[in-house]
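Below, each chain spelled out in residue letters.
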Amino acid sequence: MRKQYWNEAEMGLWERAYLPEILRGLAITGGVFVRNMFKWMTGRKGALTTYYPEETRWDYAPANRGKHVLTRRADGSPQCVACNMCATVCPAKVIEIEAGFDPADEAHPKYPVRFEIDYSRCVFCGLCVEACPEDAIRMAKEVPDLPAHDRWSMWLGKEELLEWQPQGDVAKPYPPPPPRVPNGDRP
Ligand code: SF4
Ligand code: SF4
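Report on the accompanying structure. (Residues numbered from 1 in each chain as written. Chains lettered and ligands numbered in written order. Predicted model: local features only at pLDDT ≥ 70, side-chain atom pairs only at ≥ 80, totals over all residues.)

**Examining the overall build of the chain**
No. 1: Looking only at helices and strands, the chain has five helices and five strands in total.
No. 2: Reading the secondary structure of the chain in the N-to-C direction produces α-α-β-α-β-β-α-β-β-α.
No. 3: For the chain, buried positions account for 12% of its 187 residues.
No. 4: Of the contacts formed within the chain by residues at least 6 apart in sequence, a portion of 67% connects residues at least 24 apart. (Helix = DSSP H or I, 4+ residues; strand = E, 2+ residues; numbered from the N terminus. Buried ≥ 20, exposed ≤ 12 C-beta atoms within 10 Å, placed from the backbone. Contact = placed C-beta atoms within 7 Å.)

What follows is the structure, given as structure tokens:
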């Protein structure tokens with residue numbers, strides 16, 4: 001005997017007849033299609049689709065995990081100490097770091113000679129940001145210029161990650177997130 005679920009939908013006679021509901025669904029879908037197609041053919045935008053990358057949304061949520069930023073110390077050097085924790089925790093294994101050693105810098109002798117992220121495989125989970133003990137890697141909400149025609153162009157290196165600063169002073173923390181409302185949602 002089939003199991004009964006507590007929230008099982010109860011169908012009326014009209015729904016049990018099956019065909020009328022199928023036709024009603026087709027009418028709704030067809031209506032939306034024809035309306036959007038008409039708008040498209042008359043030069044207006046139909047469905048709420050962003051034609052990325054030609055169009056870029058400006059209304060990313062403040063907590064959106066976009067592109068990575070490598071932060072810098074006050075002297076401009078990367079804050080990263082090449083500990084490899086971000087690369088280790090990365091579930092997609094897309095971070096490659098080559099560590100260098102500078103005995104003259106007693107406070108931070110290790111530094112990244114090479115720091116690369118393969119954006120063709122990054123899943124934008126943010127675990128690298130969470131794992132970093134130095135606050136050396138962050139994710140900005142903006143996502144500019146990531147698409148490419150070949151995978152190799154989607155590897156971004158240390159220079160770009162250091163130079164691409166969507167906000168002026170990355171030594172400062174990103175603006176605090178908006179306060180949470182009691183039910184846990186952002187306002
Ligand atoms: S966001 Fe996730 S997948 Fe992308 S580099 Fe960081 S840890 Fe790896
Ligand atoms: S970004 Fe952070 S976690 Fe990754 S190697 Fe540099 S210091 Fe370590």
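**Points about the site of ligand 1**
No. 1: In the neighbourhood of ligand 1, 13 residues make up the surrounding shell, with Cys90, Cys122, Cys125, Leu127 and Cys128 lying closest.
No. 2: Classifying every residue of the shell around ligand 1 gives twelve nonpolar, one polar and no charged. (Near = placed C-beta within 6 Å. Nonpolar A, V, L, I, M, F, W, Y, C, P; charged D, E, K, R; others polar.)

**What to know about the environment of Val113**
No. 1: With respect to the secondary-structure elements, Val113 resides in strand 3 (residues 110-118).
No. 2: Considering only alpha carbons, one finds Val113 and Ala99, 14 residues apart in sequence, at a separation of 5.6 Å.
No. 3: With residues near it in sequence (within four places) discarded, Val113 still touches Glu98, Ala99 and Gly100.

**What to know about the site of ligand 2**
No. 1: Taken together, 13 residues are adjacent to ligand 2, and Cys80, Cys83, Met85, Cys86 and Cys132 come closest.
No. 2: Per-class residue counts for the shell around ligand 2 are eleven nonpolar, one polar and one charged.

**Some remarks on unusual backbone geometry**
No. 1: A positive phi angle is found at Ala82, which is not glycine, with a value near 50°.
No. 2: Its location among the elements puts Ala82 in the loop between strand 1 (68-70) and helix 3 (85-89).
No. 3: Looking at Ala82, the number of C-beta atoms within 10 Å reads 22, which means it is buried.
No. 4: Positive phi is not limited to glycine here, since Lys93 has a value of about 55°.
No. 5: Position of Lys93 among the secondary structure elements: in the loop between helix 3 and strand 2 (95-101).

**A word on the sheet that holds strand 3**
No. 1: Judged by pairing direction, the sheet is antiparallel, and its three strands sit side by side in the order 2-3-5 without closing on themselves. Since the sheet does not close on itself, it has two edges, and those belong to strand 2 and strand 5 (155-156), each with one partner.
No. 2: Pairing geometry for strand 3 and strand 5, over two bridges, is antiparallel. Of the residues in strand 5, the one forming a bridge with Ile117 is Leu156. (Pairing = 2+ DSSP bridges.)

**Examining the nonpolar core**
For soluble globular proteins, nonpolar side chains are generally found buried alongside one another.
No. 1: Ranked by internal contacts, the top residues of the largest apolar core, which has 17 residues, are Leu70, Cys80, Cys86, Cys128, Cys132 and Ile137.
No. 2: Counting only elements with at least two residues in this core, the list comes to strand 1, helix 3, strand 3 and helix 5 (158-163).
No. 3: Those residues within four positions of Leu70 in sequence are excluded, and the remaining contacts are Pro78, Cys80, Phe115, Ala136, Ile137, Lys158, Leu161 and Leu162. (Core = buried A, V, L, I, M, F, W, Y, C linked by C-beta atoms within 7 Å.)

**Focus: helix 2 (residues 19-41)**
No. 1: Over its 23 residues, helix 2 runs 32 Å from end to end, which matches the ideal 33 Å to within 8%, given 1.5 Å per residue.
No. 2: For helix 2, the buried fraction is low: zero of the 23 residues fall into the buried class.
No. 3: The first or second residue beyond helix 2 is Gly43, which carries a positive phi of 80°. (Expected span 1.5 Å × (residues − 1).)

**Notes on the pairing of strand 3**
No. 1: The pairing of strand 2 with strand 3 spans seven bridges and is classified as antiparallel. Within the sheet, the bridge partner assigned to Gly100 lies in strand 3 and is Tyr111.

**What to know about the environment of His68**
No. 1: Here His68 is to be found in strand 1.
No. 2: As a C-alpha pair, His68 and Lys141 span 73 residues in sequence and 9.0 Å in three-dimensional space.
No. 3: In this structure, His68 is in contact with Ile117, Ile137, Met139 and Leu161, ignoring residues within four places of it in sequence.

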